[in-house]
Amino acid sequence: MNFLLNLFNIPSSEYNDWEIRVTSGLSYVTWTILAILFIGALFCFWSGLSRIQSPRKKFLIFGLRVLTFIFISAILFQPELELKKTRELKNTVAVLLDNSKSMSIKTFPEEITRATILTKAFQANRQYFEDLKKKFRLEIYYSSNQLEPVSLNDAIRLYKPNGVGTDFKNVFKELKKRHDGRSLKGIVLFSDGGDLEEGFEEISPVMMEIVDSLEAPIYSLQTGSNESFKDLSVSRLDAPDFGFLYQPIKVEAVIDAFAVGNKNIPVTLKEGNKILISKNLEIKEGQTRYRVQLEFIPNTLGVNVYKISVPLISGESIISNNTKEFRIKTVKDRMRILHLTGRPGWDSRFLREVLINNPKVDLLSFFILRSLSDDVAASTSELSLIPFPSNLLFSDYLASFDLVIFQNFKFEPFIEKKFLENIRAYVHNGGAFLMIGGELSFQGGGYEKTPVEKVLPLKIHDRMELFSEAEFNAQIGEQYWRHPILRLEKNEKQNQVAWNSLPKLNGLNAGLKAVPGAQVLIHDGSSKTTGSSPVFSILKFGKGKSMAMATDSSWNWNFLKIGEGGSGRYYQTFWNNVVAWVAGGPETQSLLIETDRERYAEKEKVLMKIKTLGEDFNPFKKADIEIVIRSISKKIEILRKRLTTDENGEANFEFLPKSEGFFSAEVKWKKESETLNSETRFGVFSNSAEFEKPKINNILLETFAKISGGGYRVLKENSDLKDIVFSASKVREKTGSATFGLWDNWFSFGLIVGLLALDWLLRRRSGLS
């Protein structure tokens, strides 16, 4: 070593080890060919020395030639000298502490958790680990589906059995990766063996291969035993994501029972504290798995949280798996619409066609084919297809409809005036009403100074205005281009082009004025001095909505340009937008809170986005809002915070749940004279899959020890681990190096030239050419 350092003029304190490496990139085939050529050349050379009589001179010349070939071969190998600075390291011993959720299961007869056995045994052997630390590099990890490093001092202080799940394949792969190129002398594994992917009879070939690749003995310390294990659980649940209002929903629960005995237990389905259904389940000794089907009928819209539970049994090893919560979004199967038409016409025909073809609509239509003043030579009973059930429609059944449409309809003599008050109350309590124009609507229908007029977004004047047949272009109110009813195209510019492309209308109920609070979405644009007449207007009335279409010619948008392929679909889109606005989807709300997902894992942040829009559905800037987050499962308020929306009417909020369960996030906005609110619900789920196989897998732990050449034992609180010993052989780590080529220098080439010259000289003196 000192000779090499002196040769390259390097201080002896800088490097303490050396190594010669071959860097040639020639293939084996090339080397084989060169070897054959070298041997053939030496054979020919030896044959050429037959004239030399002196054996001494003959072998000297041949030896020089062989030495030359050796040096040439060495150059072809391209050798390099690496001078290294190394230091001595300790070997590594890894200690894996299983912190998965299954470690919280009780073990009997001690009635303490597996985690407690782990922590007490670790503490009892604290000195053993301190001694290991002196001889080895001691690495301690929490182990579940991944490795989490922890110090010896914090290992027990910070230990909590809350890991997502046990995945020994991933854990051992990560451990091998961490020690790639370093010596791992052994593994001490504290665990219950609860890997869901491995069976209780034998382990998979993939797992065996991974364990063998570690090249280190595993000492499996089993935390607890399966003696007297008892458990009753709701292990799995099969429920739909959504259901329909007033329609049956079926849920299937998988119930597992271990050592419960022969008994009958109730399986209960609840919504909050209300019991929806309960079924009796007969548990039989020797059978561990049961399937129970439950059926219920939801009666409230929105996201509802339900809970299936089984009773707690005395002496259970696990008490957290007796209940399982789930959520179902309840929606209406279809919107019920009552459509009354006073006179058949193109407008009513096309509207009815749109409503019938809408899969979300359940339509009930009544067409008045004749009035009492019509001169017909037949009695009323003979001309009536069905009697008009006004008493039932506007008393008993009115609340069952989502939207009531009066299209060119005069209520007398078909509806008694007293029932008009029912319509007003219906809208005030959350219903929706639409009046569509014509000669029998508004003034022509006699609705002035009636309860229906109080609902309408338009004021009907006392004086009688004639129904105008003049043509006009529908004009959109400048600020309403973003309103969801007027959204014929998603792109705003394309939407304006679409409205401008619609044909003219040719019928208008004149003399109507918008009431305070109403929004005139479409007007006729007739006069800038006296003011344009409203065509389509909307109004929020109490909890409900009302609309007025002051024309009977909207069918023009469908009929006139069908041949040109222009506006037919826009007509359908417009009326479907009206239906959607009544239904109250997210796109129709001026205050909206949304989460980026509906389901979250534990320790995962919930991202919420809040939007505030004006009545015209343009962004409402700098809105002061309040967000309230509640736990549905625990029925408590968790957080209340005030926020302000930005220039785009938006606000973002992050929330980190501290526990699993279902939560609601409600946002409130005091907007002028009203308070708006919007709510969303989300679930935070822990990975409870470990409780599907709650028993200790001793076969898996024993196999780890057998394959790796380690050991296996059942751990007790006071177990002594001193008999677990590891080899303490030395390991060296390179901290620095310098590389020098041994072939690409004048010395190497000069040596070969010198050998060839000496060979030539001896051959000449011996009389050879």
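Residues numbered from 1 in each chain as written. Predicted model: local features only at pLDDT ≥ 70, side-chain atom pairs only at ≥ 80, totals over all residues. Heavy atoms only, no water.

> Give me the lowdown on the packing of aromatic side chains, citing residues and values where you can.
Inspection of every chain in the model, using the stated rule, returns 34 aromatic pairs. Both rings, one in Tyr219 and one in Phe726, keep their centres 5.5 Å apart while their planes meet at 90 degrees; by these two values the pair is edge-to-face. One end of the pair, Tyr219, is in strand 9 (residues 218–223); the other, Phe726, is in the loop between strand 38 (711–715) and strand 39 (731–741), with 507 residues separating them in the sequence. Taking 5.4 Å as the distance between ring centres and 75 degrees as the angle between the ring planes, the aromatic pair formed by Phe536 and Phe574 counts as edge-to-face. Taken as a pair, Phe536 in strand 28 (residues 534–541) and Phe574 in helix 15 (residues 568–583) lie far apart in primary sequence, 38 residues in all. One exposure class covers both Phe536 and Phe574, and it is buried. The rings of Phe394, Phe406, Phe409, Phe411, Phe414, Phe433 and Tyr447 are connected pair by pair, giving a single aromatic cluster. A cation over an aromatic ring shows up here: Lys545 above the ring of Trp581, its NZ or CZ 4.5 Å from the ring centre. (Phe/Tyr/Trp six-rings, centres within 6.5 Å; stacked < 30°, edge-to-face > 60°. Helix = DSSP H or I, 4+ residues; strand = E, 2+ residues; numbered from the N terminus. Buried < 20%, exposed > 50% of the residue type's maximum accessible area, 1.4 Å probe, protein only. Lys NZ or Arg CZ within 6 Å of the ring centre and 35° of its normal.)

> Give me the packing of helix 6 (residues 168–178) against helix 7 (residues 205–213): which residues, what numbers.
For the pair helix 6 and helix 7, interaxial distance at closest approach is 10 Å and the crossing angle is 25 degrees. With respect to helix 7, the element helix 6 is oriented roughly parallel. The element helix 6 and its partner helix 7 pack so that their crossing is left-handed. Within the contact between the two elements, helix 6 uses Phe168, Lys169, Phe172, Lys173 and Lys176 and helix 7 uses Val206, Met207, Ile210, Val211 and Ser213. Grouping the constituent residues of the contact of helix 6 with helix 7 by class yields 6 nonpolar, 1 polar and 3 charged. (Axes fitted to C-alpha atoms, helices over the stretch in contact; angles between N-to-C directions. Parallel < 35°, antiparallel > 145°, perpendicular 65-115°, else oblique. Left-handed = near helix turned anticlockwise from the far one by under 90°. Contact = heavy atoms within 4.5 Å. Nonpolar A, V, L, I, M, F, W, Y, C, P; charged D, E, K, R; others polar.)

> Now, about helix 13 (residues 492–500): what can you tell me, with residues and values included?
Taken together, the buried positions of helix 13 are occupied by Asn495, Ala498 and Trp499. Seen along its axis, helix 13 keeps its buried residues to an arc of 95 degrees; they face one direction. With respect to the buried face of helix 13, the exposed residues turned more than 90 degrees away are Lys493, Val497 and Asn500. With a side-chain oxygen lying 3.0 Å from the backbone nitrogen of Lys493, the N-terminal cap of helix 13 falls on Asn491. (Arc of directions from axis to C-beta. Polar contact = N/O pair within 3.5 Å; in protein donor to acceptor, adjacent residues only side chain to side chain.)

> So what about empty space enclosed by the protein? Which residues, and what values?
In total, this model carries 2 cavities of 30 Å³ or more according to the counting rule given. As for the largest cavity, its lining consists of Gly193, Gly194, Asp195, Leu196, Phe200, Lys693, Lys695 and Asn697. Of the residues assigned to the lining of the largest cavity, the class counts are 2 nonpolar, 3 polar and 3 charged. Taken as a whole, the second largest cavity spans an internal volume of roughly 30 Å³. Lining the second largest cavity, in full, are Ile337, Leu351, Leu355, Leu403, Ile405, Leu434, Trp575, Val578 and Val579. Listing elements by their share of the lining of the second largest cavity, those giving two or more residues are helix 8 (346–357), strand 20 (403–407) and helix 15. In terms of residues, the lining of the second largest cavity owes the most to one element, helix 15, which gives 3 residues. The residue inventory of the lining of the second largest cavity, partitioned by class, reads 9 nonpolar, no polar and no charged. (1 Å grid on protein atoms, 1.4 Å probe; cavity = no way out; pocket = protein on both sides within 12 Å on 5 of 7 lines; lining within 4 Å. Points joined across faces, edges and corners; volume = space filled by probe spheres on them.)

> Lay out the side chain of Glu626 with the relevant residues and their values.
Tracing the chain through its elements places Glu626 in strand 33 (residues 624–631). Of note is the side chain of Glu626, whose polar atom sits 3.3 Å from the side chain of Arg640. Among all residues touching Glu626, those that are not within four sequence positions of it are Arg640, Lys641, Arg642, Glu666, Val667 and Lys668.

> Can you lay out the sheet that holds strand 11 (residues 242–244) for me, pointing to particular residues and giving the numbers?
The strand order across the open sheet built from 5 strands is 11-17-16-13-14, with neighbouring strands paired in mixed fashion. The two strands at the open ends of the sheet, each matched to only one other strand, are strand 11 and strand 14 (274–283). Taking each pair of neighbouring strands and ignoring which way they run, the sheet shows an average axis angle of 30 degrees. (Pairing = 2+ DSSP bridges.)

> Go over the pattern of salt bridges, please, and point to the residues and values.
A full pass over the atoms with the stated rule returns 29 salt bridges. Where Glu421 meets Arg424, a salt bridge forms, and the shortest distance between an N and an O atom there is 2.9 Å. Remark: Arg424 and Glu421 occur in helix 11 (residues 419–428); sequence separation between them is 3 residues, near one turn of the helix. According to the relative accessible area criterion, Glu421 is partly exposed, its value standing at 34%. Between Glu453 and Lys459 there is a salt bridge, and its shortest N-O distance comes to 3.6 Å. One network of salt bridges, with partners in common, ties together Glu626, Glu637, Arg640 and Arg642. (Salt bridge = Lys/Arg side-chain N within 4 Å of Asp/Glu carboxyl O.)

> Report on the sheet that holds strand 15 (residues 289–296), specifying residues and quantitative values.
With antiparallel pairing, the 3 strands of this open sheet are ordered in space as 10-12-15. In this open sheet, the two edge strands, each paired with only one partner strand, are strand 10 (231–238) and strand 15. The mean angle between the axes of side-by-side strands here comes to 25 degrees, regardless of whether they run parallel or antiparallel. Pairing between strand 12 (residues 249–258) and strand 15: 8 bridges, direction antiparallel. Paired with Val254 across the strands is Arg291, a residue of strand 15.

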